[in-house]
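Take a look at the letters that make up each chain.
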Amino acid sequence: MLQEIEPEQLTKAVNDATFLRKYDKVFLQFDREMKNGHSWFHTIYPQYKDKTIAYFSFEFGLHSSLPIYSGGLGILSGDHAKEASDLGLPLVGIGFMYPQGYFRQRIPAHGWQEAAYQQLDMDQAPVLIVTGEDGSELKVTVHLAGRDVQARVWHVQVGRVPLYLLDTDVDDNDPWDRELSARLYSGDNEMRIRQEIMLGIGGVRLLRALNIEPAVWHMNEGHSAFLIFECIREKVRSGLTFAEASEKVKAEAVFTTHTPVPAGHDTFGFHMVENYFNGFWDDLGISREAFLALGGHEEPWGMAFNMTVLALRSSGQSNGVSKLHGEVSRKMWQEVWPLKSLEEVPISSITNGVHIPTWVAGEMHNIYDKYLGPDWREQRDDPAIWQRLEDVPDAELWHVHQLLKRKLMSFLRERTRRRWIDGRNDPTQVLTSGTLLDPEALTIGFARRFATYKRATLIFRDLERLRAMLLDIHRPLQVVFAGKAHPADDPGKSLIQHIYNLAKHNNMGGRIAFVEDYDMHMARYLTQGVDVWLNTPRRPREASGTSGMKAVINGIPNLSILDGWWAEGYNGANGWAIGSEVDYQDEQRQDEEDANSFYQLLEDEIIPLFYNRDRDKVPRGWVEIMRETIRSNTPQFSMRRMVKQYTTDLYINAINNQE
Ligand SMILES: *Cc1c(COP(=O)(O)O)cnc(C)c1O
């Protein structure tokens, strides 16, 4: 922002006494905030205020200006860091600065997604280079199969929480090594193991170089699990045996697993691990076999080194990200504890949440300010606060929602206009990217990664039945889609193409839109402006999902499979459940029944309720559901509830286990 302001304007501000008084006041307030004397953590756990929690994640979704995230995992890490700041947790984040980020999605007229990478302008990005005591760039060195690879470090200040991001684009590195952290989730398995060694081992060294002594190591997903080896090595070097050292590290380690999809867990061939860790076992005082066995796991193609297994075996506490995902994970990983019964498998669950100040629309925020009282932001995880929603008049809630819906539609039109001006649109594409959407029509939103288990095309199973709803003259339905497929995921890309081609077809009446380049910015508009948020994963593969929670805090009810968080969130009156909580063996049948349930809910309940208006044009029954979804889901699925739970259930436990 400062770079975009005209210098004359800044000069004027410097000479404006009123402005300067305001400026000083804001900074005084900010400094007071940053000291965090009254924060939750300092009040509840004053004795632990000097303990540091090191939080490792492969991606952090803080803001669309820093494109170092791809989806749910990154958003969760970003929200976790923000809430840790709000609560005064002594947390430090460790991750990667990807100078080319995750890709920007382009969808040409044929519908096959293209990936474009842009070099981030570091001078514009909200990052600062970290320097050492002598003023030169701080460097972290990690040995990678015969060569030393260096990383410089970027600092992002997330409120009170510092985030340190490794970046191997350093002059001294070989070209191949400079590319190591260029992009998020690109490259082959070899690239992946090199990144994970850099994050795990390099991350520990980075903290040491900054004189930070974490009391807790939180591995958000298995990508960072090699940190275990470095932590054990440090302790062995200081004189402990391997058994003693690994016992101590275990007490300090917390691990969160994020996916019930087997392919979502990184595995490496033993030869690859051996190549990179040759001799490391000597430092730990164990044999090569014992070393490899720490991550050893029987995969469909034979024994391999599994990062999740390494993390599970080496962490004192492990958790999944929803109740159902906890159950599924205990089943999935029971074999890691062959002597334990299913109930004894030590994987608990803490359901995900979202950072409310990040995702709530300004207009909804105003409503909450007006009716929930001044303490609602501080007490946002307290269900009692949200009971006060009863006082919000139906018409007011409805009108704010209408306003947000119109905002979404102008946002989509404006993006289309930009593309049109840039010459990147043919006329059909102008129409399919949301310009035909009608602010009066019932609007479903579906935006997520295009992984096949998310079943983005489920609603097209019976085209005629869907078309009848889309083309209904009096009570039309429309659906807006967005989302990226991983660049190497051709099945995911063909789902996008399938929807894109349907959207182009005139027999859909312009009621299906596909908007390109889904990111946090667009996610805010979508989760604030549609009428219904749709999720159709193949149960039970959605570990949690969080976009539906963003919708909830903006009064948008969910229409979703009873998977992930919705299996806990649905109460019969706050949205709709597609299908039932059964386990299918036959995927065809599952698709058939879920699609049927989707059509039936729309035909029998959702469409009639939405279009049932009072004399003043307010759909009373609908607004009741909006109110109930905010009331029942917001406190429970807030990041505040989640981070408090991680703190009391896991972090404090880990600290106590060491004493
Ligand atoms: C919230 C969010 C996600 C995660 O959504 P799911 O519900 O897990 O699919 C992914 N991408 C972006 C850009 C988001 O904002």
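The rules behind the values
- Residues numbered from 1 in each chain as written.
- Predicted model: local features only at pLDDT ≥ 70, side-chain atom pairs only at ≥ 80, totals over all residues.
- Heavy atoms only, no water.
- Salt bridge = Lys/Arg side-chain N within 4 Å of Asp/Glu carboxyl O.
- Helix = DSSP H or I, 4+ residues; strand = E, 2+ residues; numbered from the N terminus.
- Buried < 20%, exposed > 50% of the residue type's maximum accessible area, 1.4 Å probe, protein only.
- Near = heavy atom within 4 Å.
- Polar contact = N/O pair within 3.5 Å; in protein donor to acceptor, adjacent residues only side chain to side chain.
- Areas by Shrake-Rupley, 256 points an atom, 1.4 Å probe, with all protein chains shown as cover.
- Nonpolar A, V, L, I, M, F, W, Y, C, P; charged D, E, K, R; others polar.
- Domains from an automatic or database assignment.
- Core = buried A, V, L, I, M, F, W, Y, C linked by side-chain atoms within 4.5 Å.
- Contact = heavy atoms within 4.5 Å.
- Patch = residues over 30% accessible without salt bridge, like charges linked within 9 Å, V, L, I, M, F, W, Y side chains within 5 Å.
- Buried area = accessible area lost by both parts, 1.4 Å probe.

**Some thoughts on the pattern of salt bridges**
Consideration 1: Under the defined criterion, the tally for this structure stands at 55 salt bridges.
Consideration 2: A salt bridge links arginine 627 to aspartate 394; its shortest N-O distance comes to 2.3 Å. One end of the pair, arginine 627, is in helix H25 (residues 620–633); the other, aspartate 394, is in helix H17 (residues 394–421), and 233 residues separate them in sequence.
Consideration 3: The buried category is assigned to aspartate 394, whose relative accessible area is 16%.
Consideration 4: Close ionic contact of glutamate 464 with arginine 467 constitutes a salt bridge, the shortest N to O distance being 3.3 Å. Of this pair, glutamate 464 and arginine 467 both sit in helix H19 (residues 463–470), 3 residues apart, roughly one helical turn.
Consideration 5: One network of salt bridges, with partners in common, ties together Arg455, Arg461, Arg538, Arg541, Glu587, Asp591, Glu592 and Asp594.

**Considering the site of the ligand**
Consideration 1: Around the ligand, a shell composed of 14 residues is seen, among which Arg448, Lys454, Thr546, Ser547 and Lys550 lie nearest.
Consideration 2: Separating an oxygen atom of the ligand from a backbone N or O atom of threonine 546 is a distance of 3.1 Å.
Consideration 3: The separation between an oxygen atom of the ligand and a polar side-chain atom of serine 547 is 2.5 Å.
Consideration 4: Relative to its unbound accessible area of 390 Å², the ligand is 95% covered by the protein chains.
Consideration 5: The set of elements that each furnish at least two residues to the shell around the ligand consists of helix H4 (72–87), helix H21 (520–529) and helix H22 (547–553).
Consideration 6: When grouped by side-chain class, the residues that make up the shell around the ligand number 5 nonpolar, 5 polar and 4 charged.
Consideration 7: When residues are assigned to domains, the shell around the ligand turns out to be shared by domain 1 (52–103 + 127–352 + 643–657) and domain 2 (367–637), each giving three or more.

**Looking at the nonpolar core**
Consideration 1: Residues Leu89, Phe226, Phe277 and Phe291 are the most contacted members of the largest nonpolar core, which totals 111 residues.
Consideration 2: Excluding its chain neighbours within four sequence positions, the residues that come into contact with phenylalanine 291 are Phe229, Val273, Phe277, Phe280, Trp281, Leu284, Ile286 and Phe305.
Consideration 3: Of all hydrophobic cores here, the second largest spans 95 residues; its members include Ile385, Ala441, Ala482 and Ala485.

**So, a nonpolar patch on the surface**
Consideration 1: Residues Phe19, Leu20, Tyr23, Val26, Phe27 and Phe30 make up a contiguous nonpolar surface patch of about 550 Å² in total accessible area.
Consideration 2: In this fold, phenylalanine 19 is placed in helix H2 (residues 17–35).

**A short note on the domain arrangement of the chain**
Consideration 1: Examined at the domain level, the chain breaks down into domain 1 (52–103 + 127–352 + 643–657) and domain 2 (367–637).
Consideration 2: For domain 1 and domain 2, the distance between their C-alpha centres works out to 34 Å.
Consideration 3: Facing 27 residues of domain 1, the contacting portion of domain 2 comprises 26 residues.
Consideration 4: Of the roughly 2,000 Å² buried between domain 1 and domain 2, counting both surfaces, carbon and sulfur atoms make up 59%.
Consideration 5: Three residues, Phe103, Leu324 and Asn352, lead the burial of domain 1 against domain 2; their summed loss comes to 27% of the area buried on that side.
Consideration 6: Along the contact surface separating domain 1 from domain 2 lie 4 salt bridges.
Consideration 7: The residue glutamate 83 makes a salt bridge to arginine 380 at a minimum N-O spacing of 2.7 Å.
Consideration 8: Linking domain 1 to domain 2 there are 9 residue pairs in polar contact (both at pLDDT 80 or more).
Consideration 9: Take the side of domain 1 that touches domain 2: its biggest share by element is 5 residues, from H4.
Consideration 10: In terms of residue class, the side of domain 1 that touches domain 2 is made up of 12 nonpolar, 10 polar and 5 charged.

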